[in-house]
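# Fold and geometry: a report
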Amino acid sequence: MVENKSEIRNPKSEIKDSKSEQGNKIVTSKLNVWYDGKQALKDISLNVEMNEIMGVIGPSNSGKTSFLETLNRLNELYPGSRTEGQVLLDGKDIFKEIDKHLLRKKVGIVFALPLPLPLSIFDNVAYGPRLHGIKDKKKITELVEQSLKSAAIWDEVKDRLKENAFKLSGGQQQRLCIARTLAVEPDVVLYDEPCSGLDPISTLKIEEAMRELKKIYTQVLVTNNVKQSARVSDRTAFFLMGEMIELGATTQIFTSPKDKRTDDYISGRFG
Amino acid sequence: MINEGIRATFDQELKELSDQVMAMGITVMEMIKKSMNAFNKSDEKLAQEVIKLDDRVDKYNQDIETKCVQLLATQQPMAKDLRIIASTMRIISDIERMGDYMVDVTKFARRLMGKPKLASAGDVPKMAELVEKMLQETLDAISKKDLELITKVVEDDENVDAALRNMFDTAMLEIEKRPLSAREAIYQLFMARYLERVADHITNVCERVYYMETGELKELHV
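Before going into details, it helps to say that this report is about the structure given with it.

Rules and cut-offs
Residues numbered from 1 in each chain as written. Chains lettered and ligands numbered in written order. Predicted model: local features only at pLDDT ≥ 70, side-chain atom pairs only at ≥ 80, totals over all residues. Heavy atoms only, no water. Helix = DSSP H or I, 4+ residues; strand = E, 2+ residues; numbered from the N terminus. Contact = heavy atoms within 4.5 Å. Areas by Shrake-Rupley, 256 points an atom, 1.4 Å probe, with all protein chains shown as cover. Salt bridge = Lys/Arg side-chain N within 4 Å of Asp/Glu carboxyl O. Polar contact = N/O pair within 3.5 Å; in protein donor to acceptor, adjacent residues only side chain to side chain. Pairing = 2+ DSSP bridges. Axes fitted to C-alpha atoms, helices over the stretch in contact; angles between N-to-C directions. Buried < 20%, exposed > 50% of the residue type's maximum accessible area, 1.4 Å probe, protein only.

### A short note on the overall build of chain B
Looking only at helices and strands, chain B features six helices and zero strands. In sequence order, chain B lays out its α and β elements as α-α-α-α-α-α. When the backbone C-alpha atoms are referred to their principal axes, chain B occupies close to 75 × 35 × 20 Å. A separation threshold of at least 6 residues defines the contact pool for chain B, and within that pool the share at least 24 residues apart is 81%. As displayed, chain B offers around 10900 Å² of accessible surface, 52% of which is attributable to carbon and sulfur atoms.

Here you go:
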């Protein structure tokens, strides 16, 4: 299903084959963020590879959400926020070379609580594309269908697209929100605790959708559920008090972390 | 910041798991000791006891494996905890094999009971002593998390291998010189061969202990 979507996105085929197109989607260097003079991120230098799912784990106040929100400059919405350092998206400085609104289109975000708009299921997904000026009804219909398919919710809603989105269950609403994010054709999808309020089956459905989405998107997943990062991420970064303590292949982080603090956190000894 | 008590129950369960592995290993040490006493003194009763002890080893194997699976399911361990449980499952299967080999050694000891002792009969208990020491040191390494001890055990395994080679040569000479004692020489050689296999399983355990502590899977046995 995801393959079809990419055809719609770009006839020349934008499919990013991780084997043929290697490299970094996002590179941060010495990224520092403050809120009202209080430092939330300290010298974060890392890379997010093309088409990977990067998990970011850490206890509360470790800076994981600040990190996520800096990637599409949502952090700037908080009064008193200040950023230093560099974030490159496809080699371009997101603070200097990319328009903020274009950046937020390219780097979509899914939040912890599903926030459907008080509209029909169809209109929820069509909202973004319409806002970005797409008027062709056929194109919008295609985008809605493909986005719902990619978010693994199409089969459940295809016969009730005109119903109000609030009629969906929590897990369905969250997948609808993922579909809404995908409908504006981002390159990167950020997730902030996407399954925190969901039952195990809905959680697994979203994780499965994320694995499918890997074929096209680069994804960054912030989660308090370390086992979720173990299940879906290719690499995992451990944050603690605004610093990145360790970044490694998920298999390495969860079996043989190098730093004792990582070991203690993921084995549930603090946090 | 680290709250030592936060996983107190799980930590206690891991400790109990380790205690059970110790007890299982100590049972095999007892088997080695008793088996050699049975051999030296031609004591059938002791031989029977060794065979009975293997049932205890098998029971430990089952109980510990069950506990490991339960802990995997209920605690979903990560990082070092995960390595401890995964390694424990391998370690107990090695110790279980050691028990089986000691039964084999004892069965040959029984066959030799009442037969005239060969000149080389003392070599088998000497080898067994070395193997028992290796096992003792491995158990110490587990409880003390001592990687240096492990290196020592692996070096000792080479001595066991060398002893087997010598015993093979001796047995050949014995058979050539006194063909009528061929049967005894071969039985003894089998005992030595099984003891050497026990030593190999001990080095396997050492590799698991090394992995448990370092996260690195390394072939220590050359």
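This is not the end of the story, as more comes after the structure.
### Some thoughts on the interface of chain A and chain B
Counting residues at the interface gives 14 residues for chain A, matched by 18 residues for chain B. Taken together, chain A and chain B are joined by two salt bridges. Between D81(B) and R269(A) there is a salt bridge, and its shortest N-O distance comes to 2.7 Å. Our count for the chain A to chain B interface comes out at seven residue pairs in polar contact (both at pLDDT 80 or more). Taken together, the elements giving at least two residues each to the side of chain A that touches chain B come down to α9 (226-232), α10 (250-255) and α11 (260-266) of chain A. The dominant element in the side of chain A that touches chain B, judged by the number of residues it contributes, is α11(A), at three residues.

### Description of the sheet that holds strand β1 (residues 24-35) of chain A
Residue and element names in this part refer to chain A. Spatial strand order, β2-β1-β4-β5: four strands in an open sheet with antiparallel pairing. If you trace the sheet from one side to the other, it starts and ends with β2 (38-49) and β5 (92-93), each paired once. Each of β1, β2 and β4 (81-89) is contacted by helix α2 (residues 64-71), which is oriented at about 120° to β1, the strand it contacts most.

### Some points on the environment of G55(A)
All names here are of chain A. Note that G55 resides in strand β3 (residues 53-57). Among the residues examined, G55 registers a relative accessible area of 0% and is labelled buried. Separated by 181 residues in the primary sequence, G55 and T236 place their C-alpha atoms 4.5 Å from one another.

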